[in-house]
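# Report on the structure
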Amino acid sequence: MSTIQLKTAIPGPKSKALSARRAQSVARGLSHATPVYVARAEGAVLEDVDGNRYIDLAGGIGCLNVGHRSPEVVTAIHNQLDNFLHTCVQVTAYENYVELAERLNRLAPGTSPKKTILLNTGAEAVENAVKIARAYTKKPGIIAFEDAFHGRTMMTLALTSKTHPYKAGFHPFPSEVYRIPYAYCYRCSYNLKYPSCDLFCARHLEDTFKRVVAQEGVAAVIAEPVLGEGGFVAPPKDFFKVLLELCHKHNVLFVADEVQSGFGRTGALFACEYYGIEPDLLITAKSIGGGLPLAAVTGRAEVMDAVPAGGLGGTFTGNPVSCAAAIAVLEALPGLRPRAEEVGRRVRERLTEMAPESSNVRGLGPMIAVELPEQNGEETARITKAARERGLILLSCGIYGNVIRILVPFTVTDAELDRGLDILQECLGG
Ligand SMILES: Cc1ncc(COP(=O)(O)O)c(C=O)c1O
């Protein structure tokens, strides 16, 4: 599909009609970042039901690192469709589940022997990581970070930080969740500066065990190696090493939530690789399935095996079509890494040039965003709307909604990427 084509005002008449039907039929609680309805997608281009084409810098919220309808993924799905769709792995199992687990165990950071359980969604994987950590340590507490996003189920909402619209009105949440500040250097909670801070925020975990919750009551610390919904904050290089050392010193597990940062988003397969750490449990989802729902928890074998048979699972977990897609994604990703890194360099350079004064361009590899100085989402809402009207799909994020993030599929062409960034520049200029 060739790139941007605007046939109607945005949204077009067919999208508008669908929005009206949606308002009557779909619960209001489901947000819609754009009022356009998709008819087709390919690579980094979306076509809506009115024939308008957009460059997609959102990638289904980071699920399409290998591109929309990656040919390898589509072929693998077709092949699986011709064999069988569902048996339930707990009843009659199948090879591609086991093969995917083997591959994830090999690819996860670190040298300890690993095991994997497959789930459907990021939130479900986070829930399972909490269960596994509690079963292994026989302790209840989980320490999560300010600005973290871990999902929308009750336990994952307890771990998620942002109140509106995620948590407000849904209390009470499960107990035994504690929160500490993240290494958000642009708005440091302790008003310190890196590197003179000497990673005070990581070292503060020791204090947390004294002042907030004793280590004897804590199963795990859970962190996103790069904040996703919280604004693409990538901590300084040694933050996680210090954190992990303190966790292990106190018999607390370290769980890395790589739902958004994993599967190539930062160029590396996992962001943990940049930080040189081996988490006890690694959570993946989103781009693992190349567009199909799939998630995983991969961890040290002895930790994973703390749960007895029957304690983990679910009817559709690790469905064979998603497993086939994920194996194709894993085959495709190494070849895309140089491109991912090139995309990262190009986007960082352009964002740095175009970012308004006092804004913060940040991220890791091609997981890049710009935070605007205003602590509200009004400017990002104006920018994403103006961009859409010019044929560019963009997403905001951040605790204040004032961050524009780039989650472009790495199959984007140079011409598409440059055009997309030109539009972003026009829109940032007001
Ligand atoms: C870091 C992180 N964890 C967990 C989740 C929840 O994943 P899902 O929406 O698949 O439940 C998300 C979703 O954005 C995420 O970014």
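Summary of the structure given here. (Residues numbered from 1 in each chain as written. Predicted model: local features only at pLDDT ≥ 70, side-chain atom pairs only at ≥ 80, totals over all residues. Heavy atoms only, no water.)

The next point concerns the overall build of the chain. Scanning the chain from terminus to terminus reveals 14 helices and 15 strands. The C-alpha radius of gyration of the chain comes to 21 Å, within 12% of the 22 Å expected for a compact globule of 430 residues. If you line up the chain on its principal axes, its C-alpha atoms span 60 × 55 × 45 Å. Just so you have it, the chain exposes about 18100 Å², and 54% of that area is on carbon and sulfur atoms. Distance between charge centroids for the chain: 4 Å, based on 45 positive and 46 negative side chains. (Helix = DSSP H or I, 4+ residues; strand = E, 2+ residues; numbered from the N terminus. Rg over C-alpha atoms; globule rule 2.2 N^0.38 Å. Areas by Shrake-Rupley, 256 points an atom, 1.4 Å probe, with all protein chains shown as cover. Lys, Arg positive; Asp, Glu negative; His and termini not counted. Charge placed at Lys NZ, Arg CZ, Asp CG, Glu CD.)

So, about the site of the ligand. In the neighbourhood of the ligand, the contacting residues comprise Thr 121, Gly 122, Ala 123, Phe 149, His 150, Gly 151, Glu 224, Glu 229, Asp 257, Val 259, Gln 260 and Lys 286. In this structure, Gln 260 approaches the ligand through a side-chain N or O atom, which is 2.9 Å from an oxygen atom. A distance of 3.1 Å separates an oxygen atom of the ligand from a polar side-chain atom of Lys 286. Here the shell around the ligand is composed, by residue class, of 3 nonpolar, 5 polar and 4 charged. (Near = heavy atom within 4 Å. Polar contact = N/O pair within 3.5 Å; in protein donor to acceptor, adjacent residues only side chain to side chain. Nonpolar A, V, L, I, M, F, W, Y, C, P; charged D, E, K, R; others polar.)

Read from one edge to the other, the open sheet built from 4 strands follows the order β1-β2-β3-β13, with strand pairing classed as mixed. Strand pairing shows two members of the sheet lacking a second neighbour, β1 (38-42) and β13 (392-393), which therefore form its edges. Direction of pairing for strand β3 (residues 53-56) relative to β13: parallel, over a ladder of 2 bridges. Of the residues in β13, the one forming a bridge with Ile 55 is Leu 392. (Pairing = 2+ DSSP bridges.)

What follows is about unusual backbone geometry. The residue after Ile 10, namely Pro 11, is reached through a cis peptide bond having omega 0 degrees. Residue placement: Pro 11 occurs in the segment before α1 (13-25). Backbone torsion omega between His 171 and Pro 172 reads 0 degrees, so that peptide bond is classified as cis. Inspection of the secondary structure puts Pro 172 in the loop between α7 (163-167) and β6 (177-180). The backbone phi angle of Arg 69 is positive, close to 50 degrees, even though this residue is not glycine. Structurally, Arg 69 is set in the loop between α2 (59-62) and α3 (71-81). Exposure remark for Arg 69: the relative accessible area of 46% places this residue in the partly exposed category. Of note, the phi angle at Asn 251 is positive, near 55 degrees, even though the residue is not glycine. (Buried < 20%, exposed > 50% of the residue type's maximum accessible area, 1.4 Å probe, protein only.)

Moving on, we come to the side chain of Arg 300. With respect to the helices and strands, Arg 300 occurs in strand β10 (residues 295-300). A distance of 2.8 Å separates polar atoms of two side chains, one belonging to Arg 300 and the other to Glu 302. The residues touching Arg 300, leaving out its near neighbours within four places in the chain, are Ser 112, Pro 113, Lys 114, Tyr 136, Leu 253, Glu 278 and Asp 280. (Contact = heavy atoms within 4.5 Å.)

Between the first and last C-alpha of helix α4 (residues 95-107) there are 18 Å, a value that for 13 residues agrees with the 18 Å anticipated at 1.5 Å per step. All of the buried residues in α4 are Asn 96, Tyr 97, Leu 100, Ala 101, Arg 103 and Leu 104. In an axial view of α4, the angular spread of the buried residues amounts to 165 degrees, which keeps them on one side of the axis. Summarising the geometry of α4, the exposed residues directed more than 90 degrees from the buried face are Glu 95 and Arg 106. (Expected span 1.5 Å × (residues − 1). Arc of directions from axis to C-beta.)

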